[in-house]
Amino acid sequence: MAFSFSKSNLPKQLFINNEYVASKNSKKLEVFNPKDGSLVANDVDLAGETDVDAAVSAGEKAFPSWKKLAPTARRDIMLKFASLVEQHGQTLAELSRITLGTPYEPFGKFEVGACAEAFKYNAGWIDKFAGESFPQDDGFLKIVRNEPLGVTAGIVPWNGPLGTVGLKAAPALATGNCFILKPSEKTPFASLALGPLIIEAGFPPGVFQVLSGDGTTGALISSHMKIRKVSFTGSIPTGKRIQEAAAKSNLKRVTLELGGKSPAVIFDDCNLENAITWAANAITANTGQVCFAATRIYVQEGIYDKFAEGYKKALEERAKAIGDPDAATSVMGPLVDKAQFDRVSGFIERGKNGQGTLLTGGSRIGDKGFFIQPTVFTHVAADAEIHTEEIFGPVAVLNSFKTEEEIIEKSNDTNFGLMAGVFTQDINKALRVASEFDSGMVGINCVSLMLLSVPFGGSKESGSGRECGKDALQAFTERKTIMINMTY
Ligand code: NAD
C-alpha cells in the first residue's frame, strides 16, 4: 500500500489489522478548517463497539509473536517507521494543519521531529531495558523481568496530534505491546494516514492500529475488558472519567497527562532578555494550546516595569506573524475550532470585565477563522478565574512579587502541577526554588519545554505517571519476579 494521502485525498477509514476498513458504526466525524471555519469532511469514520472489539481481537492475536520478536528485528521496524515519518513529514504536518491550524514552521515541523525521534529513542532502549537479577545469598536467585502488558491504547488530544503518537506508541511498541491509537475527533488525519507507513516499516497486522472517533470511542477503550493499559493525554475531567472507567472494568493501567496553569517566576537578577523570550514563546507556541505553557508570570518588583514593557513588545512583534497557517510567512495560526475560540474569547471578555488590566491583545484578528491576539492581563487577583483556570490559548496573567517565600506560596497555590520555571542568575536560589515547586517539571532559566530522555508529566491534578525516558518503558510493562530455589 503506497502512501498517497494528501489534503485532496484524506484518510477517513479505520486502520485495523493492517488494512483500511469502513467503520461498522453509521455515525461519522465532522471536521473544520480553523483558518476560515470551512467544512473539511463530514464522513470520517467514528469507531464504535464492533470496531473497537475488532481491533482488540487483532491485537490479542498479534501479541504472542510480537512480544517474542527478536529485539533487533523490533528495533529495525521502529527505526524504519521513524525514517518514514520523517520522509513524509511535510504531508503528515499538512494533514494535521488542515484541522489544527498550526503553521509548519515551527510547530508542525517540531511535531514531526518529536514523533520520529520518539521512535528512534525507544528503539534504542529495546535491547537495554533488561530487568534485574539479585544474588542467591538467601538460597534463592531472583530475576525481575520487564514484561509487556498485551493490547494497550493511547487516547490523545488535538493540540499535538503527531507528537503524542510518538510519546505513546513508541514506548508501547518498543516493549512488545500491541497498540491502538485513538486520535482526537478534531485532528484525525495525520494519525489515520500512518497506515501505509506502519505496513512499510514492517509492523505485523494487529500490532499498531488506528481508530478515529470521539469521546464515545475513548470510553469504549477505557472500559474495555481486554485492553490492559490506557495512556491518556487530555483534560482533567476526561482523565478522571478514564481512571474511573479503568477501575470499574479490568483495572487497566492508566497514565494521565492532563492540564496545567504553569508559573514562571522571574527574579530581579535574571537575564531579562532570556526571561522575556521564554515567557513569550510559552504562550505563542501552537497559539498557546500547550499543556505546559507558562501562563502565570510572576516578576519581582525591581524589574517588573522593564519586563512588562519587553514582554508586551515581544508579543506584539509575534502577533505580526499570525496568519494563514498555509503561508510560509505565518508563525502562529488560529485556535483549533469555534468551540475553543468561544471558550478563550469568553475568558478574555470576562477578564476585561474587571478581573485585570489589559497589557496587550484582547481581541480577535480579522472576521474569518479563529485568530486571536496574544493577550496579557496584569494586576490580577489570586482568585480571579483567569488566574486560576487553564485557558488553553495565547493568554497569560502577569503579576509582581516581593520575596522568595511569598512567590513559592503563590506558585504552588493551585491544583495543577505540570511545569514551573525560575529565572535568576543565582544558582543557589534557582535550585532552592526549583526544589520547592510542587510540579512534575521545572525549568531553570527556561520554561515550557520537554526533552525525550527525561520524565515528562505532572503532579497533583496535572496527571499521574510519566512519559518519556525510561519511565515510559516502565509504564508499559509489568515487573515479573522469578525466584529460583538454589538449594536442592
Ligand atoms: P479532552 O479531554 O477533551 O479529549 C482528549 C481525548 O479524550 C480525545 O481523544 C477525546 O476524544 C477523548 N475523550 C473524550 N471523552 C472521553 C471519555 N469519556 N473517555 C475516554 N476518552 C474520551 O482534551 P482536549 O480538549 O482534546 O485537549 C486539551 C487538554 O489536553 C488540555 O486540558 C491540555 O492541557 C491537555 N493536554 C495535556 C498534555 C500533557 O502532556 N499534560 C498535553 C497536551 C494536552
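Residues numbered from 1 in each chain as written. Predicted model: local features only at pLDDT ≥ 70, side-chain atom pairs only at ≥ 80, totals over all residues. Heavy atoms only, no water.

So, the pattern of salt bridges
Line of reasoning, step 1. Under the counting rule described, the total for this entry stands at 31 salt bridges.
Line of reasoning, step 2. Between Glu105 and Lys109 there is a salt bridge whose closest N-O contact spans 3.5 Å. With a gap of four residues between them, Glu105 and Lys109 both fall in helix α4 (residues 104-125), about one helical turn apart.
Line of reasoning, step 3. We classify Lys109 as partly exposed; its relative accessible area is 42%.
Line of reasoning, step 4. Two residues, Lys338 and Asp342, come together in a salt bridge whose shortest N-O distance is 2.7 Å. Of this pair, Lys338 and Asp342 are both found in helix α12 (residues 338-355), four residues apart, which corresponds to roughly one turn of the helix.
Line of reasoning, step 5. Put simply, Lys35, Arg97, Asp324 and Asp326 are held in one network by salt bridges that share partners. (Salt bridge = Lys/Arg side-chain N within 4 Å of Asp/Glu carboxyl O. Helix = DSSP H or I, 4+ residues; strand = E, 2+ residues; numbered from the N terminus. Buried < 20%, exposed > 50% of the residue type's maximum accessible area, 1.4 Å probe, protein only.)

Describing the UniProt feature "domain: Aldehyde dehydrogenase" (unreviewed entry) in the protein chain
Line of reasoning, step 1. Mapped onto this numbering, the UniProt entry annotates "domain: Aldehyde dehydrogenase" (unreviewed entry) at residues 21-482.
Line of reasoning, step 2. As annotated, residues 21-482 comprises 42% helix and 20% strand, and the C-alpha atoms at either end are separated by 42 Å. (UniProt positions renumbered as here; feature names shortened; annotations may be inferred.)

Describing the packing of α4 against helix α5 (residues 163-174)
Line of reasoning, step 1. Where α4 meets α5, the closest approach of the two axes is 8 Å, and the angle between their N-to-C directions is 10°. Overall, the two elements α4 and α5 adopt an arrangement that is roughly parallel. Seen from above, α4 lies across α5 with right-handed handedness. Facing Glu111, Ala114, Cys115, Ala118, Phe119 and Asn122 of α4, the residues of α5 in contact are Gly163, Thr164, Val165, Gly166, Leu167, Ala169, Ala170, Pro171, Leu173 and Ala174.
Line of reasoning, step 2. Its residues placed into classes, the contact of α4 with α5 shows 11 nonpolar, four polar and one charged. (Axes fitted to C-alpha atoms, helices over the stretch in contact; angles between N-to-C directions. Parallel < 35°, antiparallel > 145°, perpendicular 65-115°, else oblique. Left-handed = near helix turned anticlockwise from the far one by under 90°. Contact = heavy atoms within 4.5 Å. Nonpolar A, V, L, I, M, F, W, Y, C, P; charged D, E, K, R; others polar.)

Regarding the domain arrangement of the protein chain
By a frequent convention, interface size equals the accessible area lost on bringing the separate parts together.
Line of reasoning, step 1. Taken domain by domain, the protein chain holds domain 1 (14-258 + 462-481) and domain 2 (262-452).
Line of reasoning, step 2. In this structure, domain 1 and domain 2 have C-alpha centres spaced 30 Å apart.
Line of reasoning, step 3. Each partner contributes residues to the interface: domain 1 has 28 residues there, and domain 2 has 29 residues.
Line of reasoning, step 4. Summing both partners gives a buried area of about 2300 Å² for domain 1 against domain 2, and 61% of it is carried by carbon and sulfur.
Line of reasoning, step 5. Summed over the three residues of domain 1 that lose the most area to domain 2, namely Lys35, Trp158 and Ser462, the buried surface amounts to 25% of that side.
Line of reasoning, step 6. Of all the secondary-structure elements, those providing two or more residues to the side of domain 1 that touches domain 2 are α3 (89-100) and α4.
Line of reasoning, step 7. Element by element, the count of residues in the side of domain 1 that touches domain 2 is highest for α4, at eight residues. (Domains from an automatic or database assignment. Buried area = accessible area lost by both parts, 1.4 Å probe.)

With respect to the UniProt feature "active site" (unreviewed entry) in the protein chain
Line of reasoning, step 1. What UniProt calls "active site" (unreviewed entry) maps, in this numbering, to Glu257.
Line of reasoning, step 2. Within the fold, Glu257 resides in strand β11 (residues 253-257).
Line of reasoning, step 3. Beyond its immediate sequence surroundings of up to four residues, Glu257 is in contact with Phe232, Thr233, Gly234, Phe456, Gly457, Gly458, Ser462, Gly465, Arg466 and Glu467.

A short note on the sheet that holds strand β12 (residues 262-266)
Line of reasoning, step 1. Sheet architecture is open: seven strands sit in the order β14-β15-β16-β13-β12-β17-β18, paired in mixed fashion. Sheet topology places β14 (357-360) and β18 (441-444) at the edges, where each strand pairs with a single neighbour. Sheet twist, expressed as the mean angle between neighbouring strand axes with direction ignored, is 25°. (Pairing = 2+ DSSP bridges.)

A short note on the pairing of strand β3 (residues 28-33)
Line of reasoning, step 1. Where burial is concerned, the two faces of β3 differ: the one with Leu29, Val31 and Asn33 is buried and the one with Lys28, Glu30 and Phe32 is not.
Line of reasoning, step 2. Sheet topology note: the β3/strand β4 (residues 38-45) ladder contains five bridges and is antiparallel. Looking across to β4, one finds that Asn33 is bridged to Ser38.

Focus: helix α8 (residues 215-222)
Residues that lie three or four places apart on an α-helix share one face, since the helix turns once every 3.6 residues.
Line of reasoning, step 1. Taken together, the buried positions of α8 are occupied by Thr217, Gly218, Ile221 and Ser222. Angular distribution of buried residues about the axis of α8 spans 130°; they occupy a single face of the element.
Line of reasoning, step 2. Taken together, the buried residues of α8 touch α1 (49-68), β7 (151-155), β8 (178-182), β10 (229-233) and α9 (236-248). (Arc of directions from axis to C-beta.)

Description of the nonpolar core
Across soluble globular proteins, nonpolar side chains have a tendency to be buried as a group.
Line of reasoning, step 1. Core analysis: the largest hydrophobic core is formed by 59 residues, its most contacted members being Phe81, Phe119, Leu173, Phe203 and Phe208.
Line of reasoning, step 2. Ranked by residue count, the leading element in this core is α4, at eight residues.
Line of reasoning, step 3. Those residues in contact with Phe81 that sit more than four places away from it in its chain are Phe119, Leu194, Leu197, Ile198, Ala201, Phe203 and Phe208.
Line of reasoning, step 4. Counting residues in hydrophobic clusters, the runner-up holds 34 residues, among them Ala282, Phe292, Tyr304 and Ala396. (Core = buried A, V, L, I, M, F, W, Y, C linked by side-chain atoms within 4.5 Å.)

Topic: helix α14 (residues 404-412)
Line of reasoning, step 1. Buried within α14 are the following residues: Glu404, Ile407, Ile408, Ser411 and Asn412. All buried residues of α14 project into a common sector of 125° when viewed along the axis, lining one side. More than 90 degrees from the buried face of α14, the exposed residues found are Glu405 and Glu409.
Line of reasoning, step 2. In this structure, the buried side of α14 is in contact with β12, β13 (294-300), β16 (395-401) and α15 (427-436).

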